[in-house]
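Now for the letters of each chain:
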Amino acid sequence: MRRWLVILLLFTGFAFAQDSLKVGFIYVGPIGDAGWTYAHDLGRLATMAALPSIETVIVESVAEADIEPFIDQLVADGVQVIFATSFGYGDGVLAAAARYPDIIFAHATGIQRAPNVMTYIADFYQVYYLNGLIAGALTESNELGYVAAFPIPEVKRHINAFALGAREVNPEAIVEVRWLFSWFDPAGAKEATEALIAEGADVFAFTEDTPTVIQTAAERGFPSYSHYASMYEFSPDTVVSGQIVNWEAIYIDFLQGVLDGTYTNENLSDLDYFWRLGEDSVSAGAAPGMVINPVYEDQLRAAVLDHPEFGEISVYDLVFARIEQMSMTEPAYEPFTGPLSDRKGNVVYEEGQVATIPELLGLQWAAANVVGPWPEEP
């Protein structure tokens, strides 16, 4: 969103519009991962269709520690805007931005900016909360499995949101976490899922860039969720819902701003896209247009609770009621609203207090019903 940059531009001088742009995308995984990188590339293709004057270059499977030589090559090839699409690229992006002050950088999931570096994320915590509502109603063991990548605030807030949703409909539900310390690790994801199954988990969510968790859980008929892109095709009978990202919402808005001169290499220090349901950058669903897999509709309609806000309501209807509330530009409901305490009993938010975006970006605490190791837990 551009509202805060209008004032900035008054102080940075006149910005010239451009007729064309050469844009580079650096991916942490392969495009064929079916998840994170695949979703970014779908966004790139949609952006090219919407903005015919841009040319794009991609580099895939770049380890986070190795980003700088790839940036050097993109700059040598005439790229003017570089999207670095993984959290661990942050230090390399900032170092390169200092060397190339005329190049515009955009760091996905990042938290540090510079005059020529903006940060962005299409964030899923609202959607994970919705998925948690569903999981809490579907579990028979009251144990939900979560296969997580790295213990960074982004992943932690998603796990917590999932746990809060589950607890809202099922106070007995817990979320058992296993960390992979990798974004792309199919073998590790399979092993972690199997271990969680052995411990009793019967509904699964994950932050790993392949459909491995879905496929492993499906062998036992256990429900799971699409992650970043639709993974419904990998198990149509067990992918119950999920998180789907529309990266093009951010890419188009930002690159149009670069083309028309709104965004330059001198005014990005305060630009952070933190877009959610209200900006149409994310959606809930097993597949686009399928919020809840029809296979599970009857079960979720039959799961009725006495809700403090809505009265008697099915979990199915609660999901759609919350989507409506959270899809407003200023959400009428936020999952991280007090009273909330962490699993150590510390009060995180008092009654009626709502988490701020900076607090969500730095989140480290674990929700009361989260089980398992939690690095850097306060």
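Engineer: Lay out the domain arrangement of the chain in plain terms, naming residues and giving numbers.
Structural biologist: Here the chain is described as being made up of domain 1 (2–123 + 247–279) and domain 2 (125–245 + 282–371). Between domain 1 and domain 2, the C-alpha centre-to-centre distance is 29 Å. The interface is formed by 21 residues belonging to domain 1 together with 29 residues belonging to domain 2. Around 2,200 Å² of area is buried between domain 1 and domain 2 when both sides are counted, 64% of it from carbon and sulfur atoms. By the criterion of area lost to domain 2, the three top residues of domain 1 are Asp-123, Arg-276 and Leu-277, representing 32% of everything that side buries.

Engineer: A description of the packing of helix α5 (residues 125–138) against helix α11 (residues 315–326) should follow, citing residues and the corresponding values.
Structural biologist: Put simply, α5 and α11 touch, their axes get as near as 10 Å, and they point 170° apart. It follows that α5 is roughly antiparallel to α11 by the angle criterion. In contact with Gln-126, Tyr-129, Leu-130, Leu-133, Ile-134 and Ala-137 of α5, α11 contributes Val-315, Leu-318, Val-319, Arg-322, Ile-323 and Met-326. In the contact of α5 with α11, the residues fall into 10 nonpolar, 1 polar and 1 charged.

Engineer: Explain the packing of aromatic side chains to me, using residue names and the numbers behind them.
Structural biologist: Going through the model one piece at a time under the given rule, you end up with 27 aromatic pairs. When the centroid spacing of 5.8 Å and the interplanar angle of 50° are considered together, the rings of Tyr-125 and Phe-336 count as tilted. Here Phe-336 lies in the loop between α11 and β15 (340–341) and Tyr-125 lies in helix α5, a separation of 211 residues in the sequence. Summarising the burial analysis for this pair, Tyr-125 and Phe-336 share the class buried. When the ring of Tyr-129 is compared with that of Tyr-333, the centres are 5.5 Å apart and the planes differ by 40°; the resulting orientation is tilted. Linking Tyr-129 in helix α5 with Tyr-333 in the loop between α11 and β15, this pair joins segments that are 204 residues apart in sequence. The lysine or arginine in question, Arg-322, covers the ring of Tyr-333, its NZ or CZ lying 3.5 Å from the ring centre.

Here is what the cut-offs are and how they apply
Residues numbered from 1 in each chain as written. Predicted model: local features only at pLDDT ≥ 70, side-chain atom pairs only at ≥ 80, totals over all residues. Heavy atoms only, no water. Domains from an automatic or database assignment. Contact = heavy atoms within 4.5 Å. Buried area = accessible area lost by both parts, 1.4 Å probe. Axes fitted to C-alpha atoms, helices over the stretch in contact; angles between N-to-C directions. Helix = DSSP H or I, 4+ residues; strand = E, 2+ residues; numbered from the N terminus. Parallel < 35°, antiparallel > 145°, perpendicular 65-115°, else oblique. Nonpolar A, V, L, I, M, F, W, Y, C, P; charged D, E, K, R; others polar. Phe/Tyr/Trp six-rings, centres within 6.5 Å; stacked < 30°, edge-to-face > 60°. Buried < 20%, exposed > 50% of the residue type's maximum accessible area, 1.4 Å probe, protein only. Lys NZ or Arg CZ within 6 Å of the ring centre and 35° of its normal.

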